[in-house]
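# Coordinate inspection notes
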Amino acid sequence: MTKHILFLASGKSSRFGSNKLLYPLWGKPLFSWGLEVLMEAARRGPDCTLRVVSQYEDIRHWAEARGVLAVDSPLSHQGLSYTIRAGLQSIKDLAPEDTLVFAAADQPFLQADTVLELLSAPGPAARVCWQDTPGNPAAFSARLAPELMTLEGDRGGGVLLKKYPCTRVPAASCWELWDIDRLEALEALPPELVTQYQEKI
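Criteria and thresholds
- Residues numbered from 1 in each chain as written.
- Predicted model: local features only at pLDDT ≥ 70, side-chain atom pairs only at ≥ 80, totals over all residues.
- Heavy atoms only, no water.
- Pairing = 2+ DSSP bridges.
- Helix = DSSP H or I, 4+ residues; strand = E, 2+ residues; numbered from the N terminus.
- Axes fitted to C-alpha atoms, helices over the stretch in contact; angles between N-to-C directions.
- Contact = heavy atoms within 4.5 Å.
- Phe/Tyr/Trp six-rings, centres within 6.5 Å; stacked < 30°, edge-to-face > 60°.
- Buried < 20%, exposed > 50% of the residue type's maximum accessible area, 1.4 Å probe, protein only.
- Lys NZ or Arg CZ within 6 Å of the ring centre and 35° of its normal.
- Salt bridge = Lys/Arg side-chain N within 4 Å of Asp/Glu carboxyl O.
- 1 Å grid on protein atoms, 1.4 Å probe; cavity = no way out; pocket = protein on both sides within 12 Å on 5 of 7 lines; lining within 4 Å.
- Points joined across faces, edges and corners; volume = space filled by probe spheres on them.
- Nonpolar A, V, L, I, M, F, W, Y, C, P; charged D, E, K, R; others polar.

Turning next to the sheet that holds strand β9 (residues 166–170). Paired through their backbone hydrogen bonds, the strands of a sheet run either parallel or antiparallel. Strand order in the open sheet formed by 7 strands is β5-β4-β1-β6-β8-β7-β9, and the pairing between neighbours is mixed. Taken across any chain shown, the strands that pair with only one partner, and hence form the sheet edges, are β5 (69–72) and β9. Ignoring strand direction, the axes of neighbouring strands in this sheet form an average angle of 30 degrees. The sheet contact formed by strand β7 (residues 125–130) and β9 spans 5 bridges and is parallel. In the sheet register, Val128 faces β9, and the bridge partner there is Val169. The strands that helix α3 (residues 80–89) touches are β1 (3–8), β4 (48–54), β5 and β6 (99–104); relative to β1, the one it contacts most, it runs at about 145 degrees.

Structure representation (structure tokens):
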């Protein structure tokens, strides 16, 4: 049973004003914070694979330089479903008993322990939540891969999370679910969180 982690890093950042994934957050590109967490989870978790799915060459090169498989997704500008499809098509040995985990690239405060809990969550689907607020990443049984392949446009796996029983995996804090849509959001971060992450540099 293999657990395939797919880091979806192809967002258009239309509300941010520039490519938010490459925005320097405390001296590192924003996407790298979440990817490094997934790299740690993949090292600690049994039978894990990790791949970065992106239309951006800079992100793919960053991943490859650190030994992470990078998948080109040239059609991602047409919507999230194309990024998901590119990632799934890159897995040549997918078995029904495998698990698929999809993580967004704009969640810099995700924690490896939470990802590991998600990897072991039971059921056909699971997702990280904070109290009553559902969020990402999300996990699916590989048996749902055919349905994930049929997603269209900018639709993600949320439709399957509503269709099938979904295990809720609690986040350690609300900040794990926080994704960055606008540059102004970075200015609203609490000082203690900023200090905590600046110390990791």
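Still more ground to cover, so stick around.
Right, let's get into the packing of aromatic side chains. Tallying each qualifying case throughout the model produces 7 aromatic pairs. Relative to Trp62, the ring of Phe31 lies with its centre 5.3 Å away and its plane at 80 degrees, an arrangement referred to as edge-to-face. Pair noted here: Phe31 is in helix α1 (residues 30–44) and Trp62 is in helix α2 (residues 57–65), with a separation of 31 residues, a long-range link. Both residues of the pair, Phe31 and Trp62, count as buried. Here a set of aromatic residues connected by ring pairs shows up, and it is made of Trp26, Trp33, Phe109, Trp175 and Trp178. One residue, Lys28, lies across the ring of Trp33, its end atom 3.8 Å from the ring centre. Taking the ring centre of Tyr82 as reference, the NZ or CZ of Arg85 above it sits at 5.2 Å.

Moving on, we get to the pattern of salt bridges. Applying the stated criterion to the full structure yields 6 salt bridges. Between Arg60 and Asp72 there is a salt bridge; the shortest N-O distance is 3.0 Å. Of this pair, Arg60 sits in helix α2 while Asp72 sits in strand β5, and the two are 12 residues apart along the sequence. Arg60 gets classed as buried once you look at its relative accessible area, which sits at 15%. Taking the relative accessible area as the measure of exposure, Asp72 reaches 42% and is therefore partly exposed. Here the salt bridges share partners, and the residues they tie into one network are Glu40, Arg44 and Asp113.

This paragraph deals with the layout of surface pockets. Considering only enclosed or pocket space, the largest pocket measures out at about 900 Å³ in volume. Gly11, Leu80, Ala104, Asp106 and Asp154 are, among the 32 residues lining the largest pocket, the residues nearest its centre. Elements supplying a minimum of two residues to the lining of the largest pocket: α3, β6, β8 (133–141) and α6 (158–163). The residue makeup of the lining of the largest pocket, split by class, is 12 nonpolar, 12 polar and 8 charged. One number sums up the size of the second largest pocket: a volume of about 180 Å³. For the second largest pocket, the full set of lining residues is Lys28, Trp33, Glu36, Val37, Glu40, Pro108, Leu110, Gln111, Ala112, Tyr197 and Lys200. The element that contributes the greatest number of residues to the lining of the second largest pocket is α1, accounting for 4 residues. Class assignment for the residues of the lining of the second largest pocket results in 6 nonpolar, 1 polar and 4 charged.

Turning our eyes to something else, we now look at the pairing of β1. Among the 6 residues of β1, 6 are classified as buried, and the element is accordingly described as predominantly covered. When β1 meets β4, the two strands line up parallel, connected through 6 bridges. Looking across to β4, one finds that Leu8 is bridged to Val53. As paired strands, β1 and β6 are joined by 6 bridges and run parallel to one another. Following the sheet pairing, Phe7 is matched in β6 by Ala103.

Buried residues dominate α3, accounting for 7 of its 10 residues. What α3 keeps buried is the set Ser81, Thr83, Ile84, Arg85, Ala86, Gly87 and Leu88. Elements in contact with the buried residues of α3: β1, β4, β5, β6 and α5 (145–149).

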